[in-house]
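Okay, here's what each chain looks like letter by letter:
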Amino acid sequence: MQQNTAVTNWVARRRPAFVLATVLFATAACSHDTAPTAQTPVTTSPTAKVPEGTPGWDIHNPGADHAIEGFTDHISAVPGDHVRVYVSTTADTYQVRAYRMGNYAKSEAQQVWISDKLPGKRQPAPVIQAPTNTVTAPWEPTLTLDTKGWQPGDYLLRLEADSGAMQYVPLTVRTPSNKGKIVIINAVTTWQAYNAWGGYSLYHGPSGGSSDRAHAVSFDRPYQAKSMSGAGDFLFFELPFVLFAERSGHDLGYATDADLEADPHVLDGAAAVITLSHDEYWSPKMRNAFVRARDKGTNLAFLGGNDAYRHMRFDKTPLGPNRLEIDYKSFEEDPMSATHPDLATQEWRYPPNSKPESAILGNYYHCNPVTADLVAVNTTNWLTKGLVTAGQHLPRMVGDEYNTVDLSVPTPRPLEVLFHSPLTCRGQSDFADVTYYTTASGAGVFAAGTEYWVCGIDPWCKRANSPEDTTRRTMQEITTRLLDAYAKGPAGRTHPAADNLVQIGVPGAADYPNPNAPNALVPQ
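Residues numbered from 1 in each chain as written. Predicted model: local features only at pLDDT ≥ 70, side-chain atom pairs only at ≥ 80, totals over all residues. Heavy atoms only, no water.

Participant: Just checking my understanding: could you explain the pairing of strand 22 (residues 313-317) for this structure?
Facilitator: The pairing of strand 22 with strand 23 (residues 320-326) spans 4 bridges and is antiparallel. Across the sheet, residue Asp 315 finds its bridge partner in strand 23, namely Leu 324. Between the end of strand 22 and the start of strand 23, which pair antiparallel, lie 2 residues. (Pairing = 2+ DSSP bridges. Helix = DSSP H or I, 4+ residues; strand = E, 2+ residues; numbered from the N terminus.)

Participant: So what exactly am I meant to see when it comes to the nonpolar core here?
Facilitator: Across soluble globular proteins, you tend to see nonpolar side chains buried next to one another. Of all hydrophobic cores here, the largest spans 118 residues; its most connected members are Phe 241, Leu 303, Ile 360, Phe 446 and Trp 453. Tallying contributions element by element places helix 3 (residues 234-247) first for this core, with 8 residues. Setting aside residues no more than four positions away along its own chain, Phe 446 makes contact with Leu 300, Ala 301, Phe 302, Leu 303, Leu 383, Leu 418, Val 434, Thr 435, Tyr 436, Trp 453, Leu 482 and Tyr 486. In terms of nonpolar packing, the next biggest core, distinct from the first, is built from 22 residues, Tyr 94, Leu 159, Leu 171 and Val 173 among them. (Core = buried A, V, L, I, M, F, W, Y, C linked by side-chain atoms within 4.5 Å. Buried < 20%, exposed > 50% of the residue type's maximum accessible area, 1.4 Å probe, protein only. Contact = heavy atoms within 4.5 Å.)

Participant: Can you help me understand the state of the cysteines in this one?
Facilitator: Disulfides are covalent bonds that link the sulfur atoms of two cysteine residues. Under the counting rule described, the total for this entry stands at 2 disulfides. Note on cysteine connectivity: Cys 367 is disulfide-linked to Cys 425, with sulfurs 2.0 Å apart. One quick way to see it: the torsion about the S-S bond of Cys 367 and Cys 425 is about -80 degrees, and its sign makes the bridge left-handed. With Cys 367 in strand 24 (residues 364-375) and Cys 425 in strand 26 (residues 415-425), the pair connects residues that are 58 residues apart, well separated along the chain. (Disulfide = S-S within 2.5 Å.)

Participant: Please explain the side chain of Arg 313 as it appears in this structure.
Facilitator: Counting through the fold element by element, Arg 313 comes out in strand 22. We classify Arg 313 as buried; its relative accessible area is 12%. Side-chain polar atoms of Arg 313 contact the side chain of Asp 334, separated by 2.6 Å. At 3.2 Å, the side chain of Arg 313 forms a polar contact with the backbone oxygen of Leu 343. Non-local contacts of Arg 313, meaning those with residues more than four positions away in its chain, are made with Ser 283, Leu 324, Glu 325, Ile 326, Tyr 328, Asp 334, Met 336, Leu 343, Ala 344 and Thr 345. (Polar contact = N/O pair within 3.5 Å; in protein donor to acceptor, adjacent residues only side chain to side chain.)

Shown next, in the form of structure tokens:
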């Protein structure tokens, strides 16, 4: 997928949400494609006291290129870790504020820390390492954060130059134990893949094309200011769900996908694991962590499209392990193909070691770019019952990338399709499918098959606007039902999937299929 250029405008449109007692009420202040609508109230736990937030957490002035920017030596930290921050600025002085993003009164953030005024310093130019065109920032640390007492969650460090320029640095404070929790995964490997700070990403180099792109990208550099505001893809693709989940009152855990590489026990005992709009880049250990959690009864939800499509691997940098992300997107070009072919980084679905992502998702990435309506096909499933009618459209909720049920690749059965949405992509007729399957362990697995699902629950996303706010209310209620059921344990025990592929005409589907659980584990 190409980098979403709507991020900056989306951030500018957001305003603090106001939480009163146990109910969040927010009104959409942005322009509408259709008649103005009110946001669906999102309830919190009836006994929860909502902490006071800190208005004004957003960036008012991004400043000129490289006016201020930074990164940390931790992709994630546990409370109590000391995190070094590397800042470069053209300003004489600067300051840093740390905000935790979540369910707060009068804001979407709470300030937890502020630095003293610090002397500004313009750090050295980026270094480009051949032959992989890997960009690193050879900087000195400028301050150290003590995260003692910080609540697990998603944080934004706001760098503030005395010139008025601002940028973010993201930091996940991960949960030490996720037992019984719904775990939100920050897709930092995908953020980094699209990050073109220093001129190179896994997609393009200075030429603007793929011929000089990077084959390895480093976390030892800032996220770009343009379209990312220094925060990776967090603001646009992930923050709306984080806010929604925090307001649900459920017990949440936090981790990055890089944590799944570092620690095989991150998901031990978790009630559920949720990935968000765009979680494209997976290492073998990341993938196996999802599969093993599912097979122990942990529910999974993939609220995006194009999930788990790219096969990447990690390596170390001078700042620590798992800070170099490698993806040649080709078996032949990857030097690892000669020595450890299972670790070569062609897409998961491609030979010689084909392991399609459908084996864990249930659906399968097909195409982009596209915009289409979600079309309801299943009115009896526990997620949709009483919410939709057969053939009902939720406008513009399929895209930019989408997944479909494709029985030519390994696919779990029984598999239930909730929305079966006709579309045309690159001249080809196809369907986008929202799917749900269950496993022998009792786990439920939901896959939205569209990158716009998180947009659909966000009161600030214009794409979800519709008369009477039908689209947003429907998608919020489906997501609420999903979280409520997932929080109680293996959802398949009370909500087993009912295969409907024959009824909706999926090619190759047979009546009363035998249960099928393809082997989704991969060599690591």
